[in-house]
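Structural features, examined
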Amino acid sequence: MMYGWIGLGNMAQAIIKGMLAAENYDAKTILAYNRSQEKVTRFEKEYGIVGCHSVEELLDADVIVLGVQPQQLEAVYAQIAGQLKPHQIVVSMAAGKTIAQLQQGLNHQLICRVMPNINAIVGASTTGFASAPELTNDMKQAVRAMFEAVGSVIEIPEEQFDVFSAIAGASPAFTYLYIDSLARAAVMEGMDKGTALQIAASAVLGSAEMVLQSNEHPWALVDQVCSPGGTTIQGVTSLQNNHFASTIYEAVQAVIARDRVLK
Ligand SMILES: NC(=O)C1=CN([C@@H]2O[C@H](COP(=O)(O)OP(=O)(O)OC[C@H]3O[C@@H](n4cnc5c(N)ncnc54)[C@H](OP(=O)(O)O)[C@@H]3O)[C@@H](O)[C@H]2O)C=CC1
Ligand SMILES: O=C(O)[C@@H]1CCC=N1
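The rules we used
- Residues numbered from 1 in each chain as written.
- Chains lettered and ligands numbered in written order.
- Predicted model: local features only at pLDDT ≥ 70, side-chain atom pairs only at ≥ 80, totals over all residues.
- Heavy atoms only, no water.
- UniProt positions renumbered as here; feature names shortened; annotations may be inferred.
- 1 Å grid on protein atoms, 1.4 Å probe; cavity = no way out; pocket = protein on both sides within 12 Å on 5 of 7 lines; lining within 4 Å.
- Points joined across faces, edges and corners; volume = space filled by probe spheres on them.
- Helix = DSSP H or I, 4+ residues; strand = E, 2+ residues; numbered from the N terminus.
- Nonpolar A, V, L, I, M, F, W, Y, C, P; charged D, E, K, R; others polar.
- Domains from an automatic or database assignment.

The chain goes by Pyrroline-5-carboxylate reductase in an unreviewed UniProt entry, where it is assigned to Kurthia gibsonii. The record held by UniProt for the chain lists under Subcellular location (unreviewed entry) the comment "Cytoplasm". Taken from UniProt, the Function (unreviewed entry) comment for the chain reads in full: "Catalyzes the reduction of 1-pyrroline-5-carboxylate (PCA) to L-proline."

Following this line, the structure appears as structure tokens:
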């Protein structure tokens, strides 16, 4: 199977790197084109993939992945619409853009929509997946496998893509901020930043494992940490008084609102 990439940005790089690290993919089956040619040359050198100097050079690929920004999709439609063969699968990572819009823009039926996240760089993306009903199970599996190379894949109804995009696509940025805030608070108390970041990130990783593995409600876990008359309850109460939960709800709503604008 041949895989063509249009747009070699942060996400494309993470996923191509992951595909190659998984050792299920031969670099010579990955064809890559980018608007600015420096990236094509860099990808050729770093990953041994096949660089393309025009989009036409990858139009025979079985799977074509669009790694451009949502606002850049119209230009890609103009470049490839009308040149796709009926059996080719087109995968879009673009926030907001629906399968129906992609089908219309490309005049093509076999469309998948994915929402990975930047943790793909370390093989830990949580990727949302939806596909047009015309795709066979084998076609869906071929696309899922690319993203399974960089983490887990969850098939979700397309109507939930905006919510998924907020709590899985964008939320790594929120979590990085949370980790950094913990670390900075430790710096205020005299700990060095590097040590504080290691500690905070490791505690967040362990807490995520607890939520995933314990089968307990997060609030039950909170109660297990809060000793009676102890220290943690003071911090939890401070967070509640400072609208921690509603601040997160508003951030998620803001992402969803922008996703809907990008449609
Ligand atoms: N970043 C993230 O965490 C996530 C991003 N996404 C989605 O993934 C997509 C890519 O995001 P990201 O990698 O961050 O974006 P980047 O801006 O890093 O990459 C976009 C790339 O597309 C190239 N490009 C633009 N127009 C064209 C064109 N017409 N033909 C060929 N190449 C083109 C750009 O080239 P040039 O070098 O010339 O600018 C650039 O390299 C977006 O749609 C985003 O919504 C999804 C989940 C997470
Ligand atoms: O900020 C964005 O639009 C993209 C989509 C999800 C994460 N990054």
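So, on to the layout of surface pockets. In this model, the second largest pocket occupies a volume close to 880 Å³. Contributing to the lining of the second largest pocket are 37 residues, with M11, G67, V68, Q69 and P70 lying nearest its centre. Of all the secondary structure elements, the ones that give two or more residues to the lining of the second largest pocket are α1 (10-21), α3 (73-80), α6 (161-188) and α10 (244-262). The leading source of residues in the lining of the second largest pocket is α6, at six residues. Of the residues belonging to the lining of the second largest pocket, the class tally is 20 nonpolar, 13 polar and four charged. Taken domain by domain, the lining of the second largest pocket gets at least three of its residues from each of domain 1 (3-156) and domain 2 (164-262).

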